[in-house]
Amino acid sequence: MELDAELQSVHLFSPEPLQLARFYSTTYDMTLEPVGDSYLCRSPGRQVAFSEGPINQLKYAHFAFHTSAAWDAFAVRAQGLAQSPLPPGFEAGSAISFRDPDGNQMVFTATADSELPASRRVPPAILQHFALRTSHIEAMLDFYTGQLGFVLSDAVTDAEGRLRACFLRSDSLHHALALFFAPAPCFDHQSFEAPDWSSMRTWGDHMAGQQVPIVWGIGRHGPGNDVFFMVRDPDGNLAEISSEIEHCEPGRPAGLWPHEERTLNLWGRAILRS
């Protein structure tokens, strides 16, 4: 059974957090405000924040539950797990935090953040998933599925049967988190889900208007079956616009894919992490 939770926000470290915040504010049409020693960018359905720190590293990711029953069930599960101190802005009793084997912090809350007025410049695009690179992919998979309750949707293995990538869901959408085997752990990308093809075209035109080049795509992923394109932010992190991600039925068996370019892009070339 899925957690019945959705991704609310990601908070990234950066040597130049204001520069990164200005990029996301402009490129993804979000407000920008300083909050303590961080910068917060928000728009309906998408929220990202930035603090000073090492490049290409996640400070934390925040998930919220769809129902109070799902939150209550998770709180019971959490009682038997080692928890980490909450980041500033989260309150004990309404939030629970953990660190994965690579030290990435995951925060879960009972409710979502309040919405902002809708943008008129670009179509909707919700912050739908993010991805991490890790050199401990088996341990990471075990942590997220065995301890936190994420569900494996698809796995990617090489010719020797070694796990190279996996896609984990927290509700019916194919993945809220992707893990890629790589020599060193770091943040990989975040993805904003647009409602349809027409919206993706408008987002592409918006990127052109901002003179932000598409570095990968347009293509279609194998796992998840979503169409996508990606750009790079000033720190080199990938940022994705996608659409048509697979909705998984309860009990859907995990798929298995070969470690090759076509798995990550059925239409052409791919960015392989290892």
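Preceding this section is the structure that the text describes.
Cut-offs and rules
- Residues numbered from 1 in each chain as written.
- Predicted model: local features only at pLDDT ≥ 70, side-chain atom pairs only at ≥ 80, totals over all residues.
- Heavy atoms only, no water.
- Helix = DSSP H or I, 4+ residues; strand = E, 2+ residues; numbered from the N terminus.
- Buried < 20%, exposed > 50% of the residue type's maximum accessible area, 1.4 Å probe, protein only.
- Contact = heavy atoms within 4.5 Å.
- Polar contact = N/O pair within 3.5 Å; in protein donor to acceptor, adjacent residues only side chain to side chain.

A. Examining the environment of Ser51 more closely. With respect to the helices and strands, Ser51 occurs in strand β4 (residues 46–52). On the basis of relative accessible area, Ser51 is assigned to the buried category, the value being 3%. The sequence separation of Ser51 and Ala125 amounts to 74 residues, and the corresponding C-alpha distance is 23 Å. Excluding residues that lie within four positions of it along the chain, Ser51 makes contacts with His11, Leu12, Phe13, Ser14, Pro17, Asp37, Ser38 and Lys59. Within the local environment of Ser51, its side chain forms a polar contact with the side chain of Ser38, the two groups lying 2.5 Å apart.

B. Inspection of the side chain of His129 at higher detail. Relative to the helices and strands, His129 is located in strand β8 (residues 126–134). The buried category is assigned to His129, whose relative accessible area is 1%. Among the polar contacts made by the side chain of His129, one reaches the side chain of His175 at a distance of 3.5 Å. A polar atom in the side chain of His129 sits 3.2 Å from the side chain of Glu240. Excluding residues that lie within four positions of it along the chain, His129 makes contacts with Leu7, His175, Ala176, Leu177, His189, Gln190, Ser191, Glu240 and Ile245.

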